[in-house]
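# Fold and contact review
In case you want the letters, here they are:
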Amino acid sequence: MQDRNEQGLDLAGNATFRHSNTALLSVSSVEAPMIVSSKDFDHRLASTLKRLKFPPRLLERVAGITHRRWWAAGTSFDDAAVEAGAKALAEAGVGASEVGLLINTSVTRRNLEPSVAVKIHHELGLPSSAMNFDLANACLGFVNGLILAANMIDSGQIKYAVIVNGEDAQVTQEATLARLQRPETTREDFSREFATLTLGSGAAAAVLGPADEYPGAHRLVGGVMRAGTEHHELCVGGIDGMTTDTKGLLDGGLQLVVDAWHEAQPDWDWAAMDRYVTHQVSNAYTQAIIKAIDLDPDKVPITFPHWGNVGPASLPMTLAAEAQSLNAGDRVLCMGVGSGLNAGMVEIVW
């Protein structure tokens with residue numbers, strides 16, 4: 001029996017992939033209603049910032065984030081994911097009874113089991129025949145969900161898939177703010193938890209279906225994935241907080257994206273895309289990516305200044321915001337990265 005190398009499959013590195021018959025039928029987002037400014041965080045941390053001799057407007061100056069959003073009292077992250085999913089199904093014109101797969105990609109969760117997906121499946125009224133599960137891969141989860149669902153559509157296993165995400169930063173940020181207000185907090189403590197203050201709340205959803213039945217839809221062409229798991233300890237988060245080696249994460253993530261970009265070039269021509277939709281982290285990260293692979297900054301939309309880093313939802317929320325300005329035939333490159341580290345790029349033809 002031939003092994004896979006003998007069959008002509010090169011197993012070294014991370015191969016690029018192509019989709020054959022999957023289209024993005026809709027992508028939607030839900031903004032959390034409560035606007036929380038970085039100035040408010042500065043006010044709450046005033047004594048700590050003064051004692052540790054940090055400059056004023058630290059979040060705005062370093063991360064470029066002026067606001068983030070929280071959910072109103074009584075609204076949970078999975079309620080928002082349900083809302084985004086229902087909105088995406090309506091925009092796609094797909095009935096709940098037709099869905100064969102639901103993937104929840106939320107980082108936020110209130111318990112270890114059952115999955116977050118089961119509530120969303122129930123609230124959307126999906127049929128018993130629709131598979132549902134959580135896919136967790138930090139901020140790259142939504143991109144992973146698109147790829148997995150597209151593979152299942154390409155294979156003919158399912159016809160329609162819904163990928164959802166809902167994030168709630170408030171609980172984690174409230175706990176972090178309380179810790180950073182303690183008199184024993186050091187500059188090192190503050191620096192390790194700084195990235196937590198850049199997070200935001202929001203929700204997004206996408207519906208995928210067979211491209212041959214939707215000639216006017218947005219075709220998923222394919223892309224590349226790459227892993228840099230030697231960096232798995234640089235950003236570790238839980239419900240009560242997140243510790244980050246900010247410089248290490250920036251350097252490692254940047255190198256991973258650059259490596260994936262160059263690895264993809266023999267198979268893809270991504271130098272002249274119409275839009276580059278990146279994971280929304282901070283001004284430093286975005287400018288570093290633009291410089292490292294020589295992107296046109298006018299083609300790189302940014303939403304982190306007013307939404308913050310909404311985890312896996314940040315990329316689809318940004319894509320949904322850009323949708324009205326895209327024209328048929330425009331080429332869009334979705335560029336995701338998640339702590340761990342993992343990176344993925346997926347091309348969509350609009």
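Structural notes, computed from the coordinates. (Residues numbered from 1 in each chain as written. Predicted model: local features only at pLDDT ≥ 70, side-chain atom pairs only at ≥ 80, totals over all residues. Heavy atoms only, no water.)

What follows concerns the overall build of the protein chain. What the protein chain contains, in helices and strands, is 12 helices and 14 strands. By the compact-globule yardstick of 20 Å for 350 residues, the protein chain fits well, its C-alpha radius of gyration being 20 Å. The dimensions of the protein chain, computed from C-alpha atoms along their principal axes, are 65 × 45 × 45 Å. Counting over 350 residues, the protein chain shows a buried share of 55%. The contacts of the protein chain with a sequence gap of at least 6 include a subset with a gap of at least 24, amounting to 80%. Summed over all atoms, the accessible surface of the protein chain reaches about 15300 Å², with 52% contributed by carbon and sulfur. If the 27 positive side-chain charges of the protein chain are averaged to one point and the 41 negative ones to another, these points end up 9 Å apart. (Helix = DSSP H or I, 4+ residues; strand = E, 2+ residues; numbered from the N terminus. Rg over C-alpha atoms; globule rule 2.2 N^0.38 Å. Buried < 20%, exposed > 50% of the residue type's maximum accessible area, 1.4 Å probe, protein only. Contact = heavy atoms within 4.5 Å. Areas by Shrake-Rupley, 256 points an atom, 1.4 Å probe, with all protein chains shown as cover. Lys, Arg positive; Asp, Glu negative; His and termini not counted. Charge placed at Lys NZ, Arg CZ, Asp CG, Glu CD.)

Counting residues in hydrophobic clusters, the biggest one holds 33 residues, and the most contacted among them are Leu24, Ile163, Leu208, Leu220, Leu319 and Trp350. By residue number, the principal contributor to this core is helix H6 (residues 141–155), which donates eight residues. (Core = buried A, V, L, I, M, F, W, Y, C linked by side-chain atoms within 4.5 Å.)

The subject of this paragraph is the pattern of salt bridges. In the structure shown here, the tally under the stated rule is 14 salt bridges. One salt bridge connects Arg69 with Glu31, and the closest N-O pair in it is separated by 3.7 Å. Of the two residues, Arg69 sits in strand E4 (residues 67–70) while Glu31 sits in strand E2 (residues 22–31), which places them 38 residues apart along the sequence. Glu31 sits in the partly exposed class, given a relative accessible area of 39%. Between Glu193 and Arg179 there is a salt bridge whose closest N-O contact spans 2.8 Å. Taken as a pair, Glu193 in helix H8 (residues 187–193) and Arg179 in helix H7 (residues 170–180) lie far apart in primary sequence, 14 residues in all. Through salt bridges with shared partners, one network takes in Asp78, Asp79, Arg110 and Lys119. (Salt bridge = Lys/Arg side-chain N within 4 Å of Asp/Glu carboxyl O.)

So, on to the pairing of E2. Burial within E2 is extensive, with nine of its 10 residues counted as buried. Inspection of the sheet shows E2 paired to strand E8 (residues 202–210) by nine bridges, in the antiparallel sense. Residue Val30 lies in a different strand from E8, and its bridge partner there is Ala203. As defined by bridge partners, E2 adjoins strand E9 (residues 218–227) across two bridges and the pair is classed as antiparallel. (Pairing = 2+ DSSP bridges.)

Quick look at the packing of aromatic side chains now. Tallied over the entire structure, the rule returns seven aromatic pairs. Between Phe41 and Trp70, the aromatic rings sit 6.3 Å apart at their centres with planes inclined by 45 degrees, giving tilted as the arrangement. One end of the pair, Phe41, is in helix H1 (residues 38–44); the other, Trp70, is in strand E4, with 29 residues separating them in the sequence. Like Trp70, Phe41 is buried. Relative to Phe194, the ring of Phe190 lies with its centre 6.4 Å away and its plane at 40 degrees, an arrangement referred to as tilted. Judged by its relative accessible area of 10%, Phe194 is buried. Through a chain of ring-to-ring contacts, the aromatic side chains of Trp261, Trp268, Trp270 and Tyr276 assemble into a single cluster. Of note, Arg18 hangs over the ring of Trp268, and the distance from its end group to the ring centre comes to 4.0 Å. Residue placement shows Arg68 over the ring face of Phe41; its charged tip is 4.4 Å from the ring centre. (Phe/Tyr/Trp six-rings, centres within 6.5 Å; stacked < 30°, edge-to-face > 60°. Lys NZ or Arg CZ within 6 Å of the ring centre and 35° of its normal.)

Mapped onto the elements, Thr48 comes out in helix H2 (residues 46–51). Filtering out sequence-adjacent residues up to four positions away, Thr48 remains in contact with Leu180, Gln181, Thr185 and Phe190.

Here we take up the packing of helix H9 (residues 246–264) against helix H10 (residues 283–292). Working note: a packed helix pair is described by the angle between its axes plus the distance between those axes. At a closest axis distance of 10 Å, the pairing of H9 and H10 adopts a crossing angle of 35 degrees. The two elements H9 and H10 cross, and the hand of that crossing is right-handed. In contact with Leu250, Leu254, Val257 and Val258 of H9, H10 contributes Tyr285, Ala288, Ile289 and Ala292. Class assignment of the residues belonging to the contact of H9 with H10 gives a composition of eight nonpolar, no polar and no charged. (Axes fitted to C-alpha atoms, helices over the stretch in contact; angles between N-to-C directions. Left-handed = near helix turned anticlockwise from the far one by under 90°. Nonpolar A, V, L, I, M, F, W, Y, C, P; charged D, E, K, R; others polar.)

Two numbers describe how helix H4 (residues 77–92) lies on helix H5 (residues 116–124): the axes approach to 9 Å, and their chain directions differ by 45 degrees. Judged by the angle between their axes, H4 and H5 are oblique. Note on packing geometry: the crossing formed by H4 with H5 is right-handed. Along its contact with H4, which presents Phe77, Asp78, Asp79, Ala81, Val82, Gly85 and Ala86, the element H5 presents Val116, Lys119, Ile120, Glu123 and Leu124. Considered class by class, the residues forming the contact of H4 with H5 number seven nonpolar, one polar and four charged. (Parallel < 35°, antiparallel > 145°, perpendicular 65-115°, else oblique.)

Interpretation in functional terms is not warranted from these geometric data alone.
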